[in-house]
Each structure stands twice: as structure tokens, then as C-alpha cells.
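The lines below spell out each chain.
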Amino acid sequence: MAPSPAAVAAAMPPAADPEREEEAEQQQTKWGAALEGLVVGSYCHDVLLRGGRVVGETLGGAAAFVSNVLDAASPPEASFAVVSKVGPDFAYASAPAPARHPSLLCPAPTTSFHARFSDAVASPAAHAPDRQLRRVHACDPIYPDDLPERRFAYGLAVGVAGEVLPETLERMIRLCRAVLVDAQALIRAFDADGGGGGAAVRHMALEGTPYARLLQRVAFLKASSEEAPYVGVETARRRCCVIVTEGRDGCRLYWEGGEARVAPFPAVQVDPTGAGDSYLAGFAVGLLWGLSATDAALLGNFFGAAAVSQVGVPTFHPKMLQAVKQILEDKAIQRSNPCINGATFTFQRSNMHDELHASLAGAARLMCELQTDPATDNNGADICSAQVPTSPSSAC
Ligand SMILES: Nc1ncnc2c1ncn2[C@@H]1O[C@H](COP(=O)(O)OP(=O)(O)OP(=O)(O)O)[C@@H](O)[C@H]1O
Ligand SMILES: O[C@H]1[C@H](O)[C@@H](O)[C@H](O)[C@@H](O)[C@H]1O
């Protein structure tokens, strides 16, 4: 797929100041051809509650969901390192993602969240807030010195509890050719209160945070539709490409001079936790396979749908993964010169976008079938909503 000149967007991240330009040039050679990524954000404990009752206890943290997707679907030549912090109480050290990508151990307890799902019938609005979050423990922040002293092709800033400090994000930007950021790492505030235990999670305006000045050196900023008003899409899109995820409605991309809507995939939702994290990792995977941003967003939607189909960090069926990889092998493009390691990104959809959606929809159907296959143990009911789950045949 050779993008038309009109389809090739401006250099990302923009090298606005000469110092940055010079630095980028010096570093270009050091990045080399290796496709190594850097994931920064801590694993955590998630406790899911409904009607005052614990309905699930799982491994959480965007880094866990992200690692899971990157491990599953990155091209063979790509690898990544994770910088995460947990305490001595961490209960999931032997789960696949933390086992492959261990954390730094701190004396403080592991970050933990209580997610309180409404007992009411789920809202018909696709992007209504689905849960009240409280941060019960916070592990130590991740400091710039915690990051490895080498260059990376790309970085993912995926904090959940304010652990990615502004100076840490700045260091990521220096180390990584392209940085993708989850807005939740930047705009969460934690209001301690006497009752209920822990601190209620709320959002603050990105513009008022020390992260705002770094945006022009970020390649992609992802926000959920709930977070988008705090990000200020119209301002942010002038600095980087902004992606807004819209739950079961898919997502939209906004860049300076253009925007695109990307259609979702069907899913039988059992737990919405980690949809956004898995989306961002799927999107990065799409870029790694050489897709344009709008085409890569299809992979984001695909893995977002996969995440909501299971409780906690999902297990992908090998047949489904094989189908996805085959599609990417067939469709993906300039693997010898992937966009994520180059200086520019193509934003617009390619002429094979619809075909790619159709092929991935086939893999999504396979996922639904495998999920409801009595031979697999993934056929759970929706533990986080009183809504009767959509039947697999009608949802998929
Ligand atoms: N019910 C669903 N059906 C299909 N796809 C979904 C569904 N929910 C989420 N997705 C996919 O996952 C993406 C991210 O979901 P969402 O917008 O809910 O993120 P989020 O609110 O950040 O999630 P979380 O905070 O739970 O990780 C969506 O853009 C969509 O592609
Ligand atoms: O495990 C989850 C997940 O990473 C979500 O994206 C985040 O919003 C929650 O805070 C966390 O508990």
C-alpha cells in the first residue's frame, strides 16, 4: 500500500524546536532497526464489586493488559520491556504478563483498585461511566532513573494511579522514537475521604497539569469518551494525534487537519475492565505491522472487544491469534520500514480498510464461538452489569 502524498501527514512527533531536532538527528542512528518498545506503568490488584459484593479479584493495571496484547500479536521481530512497580503483597507474579515482564519490587503495597459496578440495568448509552473506581493502595511512582538506559523504537505510557511522573514521561520521550500515551496516566486525581476506604478517582483538566507542555512531543494520546472533555480534544489535536474510544461504538481519531471514525467489532461483554488498555496495545500492534493510524485503530477495536469478553486480563485462543496474524501477514505492508520506527505516520485509512475490517470481523466471530464453546472455560455471564448478556449469536 503506497499512501498518496496527501495521505501522509506531518512529521510526528513534530520537531518544533531546533534543540529537539538536533537531538532527534543524533539519536536516529542509535534507534537502529530494532523494534523494541518500552511499556511504563504499574501492575495492580483489581477488586470488582457489585451490589456491595465482591464478584471478582484479578490482576490489573494497564501494563498487564498491554503486555498481554503485545506478547500475543506483535510482529516476530518486535520485543518490549516493561517498567512496573509492585509491593511484597503482589499476588500475580506468576501470571503470564508479570512472569514474562517482572516488576521492580517496592516496600509499599501493590497499587490496588476497587471497581464498583452499578447494580442497575446497564445504561443504553455506549459510553456512560460504567463503574466507580477507588484507589485503595498506591505503590511508589516510577522515576526517570527506573527506566533502562537505552533507546526504544516506541514507548507506551500507561499509568493507572499517577505513577508515571511528568519527569518520567519526559525521559520516555527522550528514549523513545514515538510515544503513545493513555490519558488516564495523566489526568487522574485521587480524593482521599474518610469513609468507603481509599481515594475516589476523578479527572482533572490536562491543560492544568505539568504533562500539557509535553504533548507536542507525544505521537498519540488515547482517551476514553469519559476522559475526552478533560483532555480538550480540539486543543490537543494540534499537538498530537488524539484517539477517543467510545466503548461498543468503536473509536474516533483526530489529528490536525483530519479525523476518522473506526467501526467496532461485536463482543459479548462480561467485564469492561482493560478495554482501553487492550485497545491502545492493539493500536500499537497495528502500527508495528506497518498499518496507517486509522487502519491500526481496527486492531485497537479488535483487542478492546476481546478484552471485554473475559474477566480480567484475557487469554487469547491460539486459533483466534493465528487467524489475526495471518490477516496481518497478508495485509500488512512495509514491515521493513514500519511507521512506528520512522519519523512520520500516515493517519488516513488505506484503500484496504474495509477489507481489513471484514477479515478481522471473521476472527472476532471465531473469538465469540470459541468463547461460548463448552470445551473452553470462557463462557461466563456478565459479572459487572445486571444487563442480560447479549446472546453470542446476536452480538457476534
Ligand atoms: N461492549 C463492547 N463491544 C465491542 N467493543 C468494545 C466494547 N467495549 C469496548 N470495546 C472496544 O474497546 C475500546 C475501548 O473501550 P472503552 O472506550 O470502553 O475504553 P475505556 O473506558 O478506557 O476502558 P477501561 O477503562 O475499562 O479500560 C473501544 O473503543 C472498543 O473498540
Ligand atoms: O486494571 C485496571 C485497568 O488497567 C484500567 O484501565 C484502569 O482504569 C484501572 O484503574 C485498573 O484498575
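To be clear, the structure that these remarks concern was listed above.
Residues numbered from 1 in each chain as written. Chains lettered and ligands numbered in written order. Predicted model: local features only at pLDDT ≥ 70, side-chain atom pairs only at ≥ 80, totals over all residues. Heavy atoms only, no water.

Novice: Sorry if this is basic, but what is going on with the sheet that holds strand S13 (residues 199-203) here?
Specialist: Backbone-to-backbone hydrogen bonds join strands into a sheet, with any given pair of strands oriented parallel or antiparallel. With mixed pairing, the six strands of this open sheet are ordered in space as S4-S3-S8-S9-S13-S12. Of all strands in the sheet, those with a lone pairing partner are strand S4 (53-60) and strand S12 (188-192), marking the two edges. Across the sheet, the axes of successive neighbouring strands diverge by a mean angle of 30°, strand direction being ignored. Pairing of S12 with S13, which is carried by five bridges, proceeds in the antiparallel orientation. Paired with Phe 190 across the two strands is Val 201, which belongs to S13. (Pairing = 2+ DSSP bridges. Helix = DSSP H or I, 4+ residues; strand = E, 2+ residues; numbered from the N terminus. Axes fitted to C-alpha atoms, helices over the stretch in contact; angles between N-to-C directions.)

Novice: Sorry, what's going on with the site of ligand 1 here?
Specialist: Close contacts around ligand 1 come from 22 residues, with Arg 131, Thr 245, Gly 250, Pro 272 and Asn 301 the closest. The separation between an oxygen atom of ligand 1 and a polar main-chain atom of Gly 250 is 2.8 Å. One of the side-chain N or O atoms of Asn 301 is found 2.7 Å from an oxygen atom in ligand 1. Isolated, ligand 1 exposes 630 Å² of accessible area, and the fraction of that covered by the protein chains is 91%. Of all the secondary-structure elements, those providing two or more residues to the shell around ligand 1 are strand S14 (220-224), helix H8 (275-288) and helix H9 (293-308). (Near = heavy atom within 4 Å. Polar contact = N/O pair within 3.5 Å; in protein donor to acceptor, adjacent residues only side chain to side chain. Areas by Shrake-Rupley, 256 points an atom, 1.4 Å probe, with all protein chains shown as cover.)

Novice: Mind showing me how you'd approach the pattern of salt bridges here?
Specialist: Proximity of charged atoms lets side chains of opposite charge pair with each other. According to the stated counting rule, one finds 13 salt bridges in the structure shown. Salt-bridge contacts for Glu 170 lead to Arg 213; the nearest nitrogen and oxygen are separated by 2.9 Å. Of this pair, Glu 170 sits in helix H4 (residues 166-175) while Arg 213 sits in the loop between S13 and S14; the two residues are 43 residues apart in sequence, bridging distant segments of the chain. In this structure, Arg 252 and Glu 246 form a salt bridge, with 3.2 Å as the shortest nitrogen-oxygen distance. You can call Arg 252 partly exposed: its relative accessible area is 29%. (Salt bridge = Lys/Arg side-chain N within 4 Å of Asp/Glu carboxyl O. Buried < 20%, exposed > 50% of the residue type's maximum accessible area, 1.4 Å probe, protein only.)

Novice: Can you walk me through the state of the cysteines in this structure?
Specialist: Structurally, a disulfide amounts to a covalent bond that connects the sulfur atoms of two cysteines. For the structure shown, the criterion picks out zero disulfides. With no disulfide of its own, Cys 240 lies closest to Cys 241 among cysteine sulfurs, the gap being 7.2 Å. Classification of Cys 240 by relative accessible area gives buried; the value is 2%. (Disulfide = S-S within 2.5 Å.)

Novice: How do you make sense of the site of ligand 2 when you look at a structure like this?
Specialist: Not every one of the 13 residues close to ligand 2 is listed here, only the nearest: Asp 46, Gly 61, Gln 184, Arg 188 and Asp 277. At 2.7 Å from an oxygen atom of ligand 2 is found a main-chain nitrogen or oxygen belonging to Gly 61. Gln 184 is positioned such that a nitrogen or oxygen atom in its side chain is 2.9 Å from an oxygen atom of ligand 2.

Novice: Sorry, what's going on with the packing of H8 against H9 here?
Specialist: Two quantities define a packed helix pair, namely the angle between the axes and the distance from one axis to the other. Contact geometry of H8 with H9 gives a least axis separation of 6 Å together with a crossing angle of 145°. As H8 runs across H9, the sense of the crossing is right-handed. Judged by residue contacts, Ala 275, Ser 278, Tyr 279, Gly 282, Phe 283, Gly 286 and Leu 287 of H8 engage Ala 293, Ala 296, Ala 297, Leu 299, Gly 300, Asn 301, Phe 303, Gly 304, Ala 307 and Val 308 from H9. Here the residues of the contact of H8 with H9 sort into eleven nonpolar, six polar and no charged. (Left-handed = near helix turned anticlockwise from the far one by under 90°. Contact = heavy atoms within 4.5 Å. Nonpolar A, V, L, I, M, F, W, Y, C, P; charged D, E, K, R; others polar.)

Novice: Looking at this structure, I do not really get the pairing of strand S15 (residues 241-245). What am I missing?
Specialist: Look at any regular strand and the pattern is simple: side chains alternate between the two faces of the sheet. The buried fraction of S15 amounts to five of the five residues, a majority that puts the element mostly inside the structure. Taking every second residue as pointing to the same face, both faces of S15 are buried, with Cys 241, Ile 243 and Thr 245 on one and Val 242 and Val 244 on the other. Pairing analysis gives five bridges linking S14 to S15, with the strands arranged parallel. Across the sheet, residue Ala 223 finds its bridge partner in S15, namely Val 244.

Novice: Is there a simple way to explain the nonpolar core in this structure?
Specialist: Considering soluble globular proteins, one finds that nonpolar side chains tend to be buried as a cluster. Grouped together as the largest cluster of nonpolar side chains are 80 residues, with contacts concentrated most on Leu 70, Leu 156, Phe 220, Leu 253, Phe 283 and Phe 302. It is H9 that provides the largest number of residues to this core, a total of nine residues. With residues near it in sequence (within four places) discarded, Leu 156 still touches Leu 38, Val 39, Val 40, Val 66, Leu 70, Met 172, Leu 180, Leu 280 and Ala 284. (Core = buried A, V, L, I, M, F, W, Y, C linked by side-chain atoms within 4.5 Å.)

Novice: Explain the sheet that holds strand S2 (residues 35-40) here, please?
Specialist: The strand order across the open sheet formed by eight strands is S5-S2-S10-S11-S14-S15-S16-S17, and the pairing between neighbours is mixed. Looking at the sheet topology across the chains shown, the edges are occupied by strand S5 (78-83) and strand S17 (258-262). Sheet twist, expressed as the mean angle between neighbouring strand axes with direction ignored, is 15°. With six bridges connecting them, S2 and S5 associate as parallel partners. In the strand pairing of S5, Leu 35 is matched with Ala 78. Each of S2, S5, strand S10 (152-157), strand S11 (176-182), S14, S15 and strand S16 (251-255) touches H8; the most contacted strand, S11, lies at about 155° to it.

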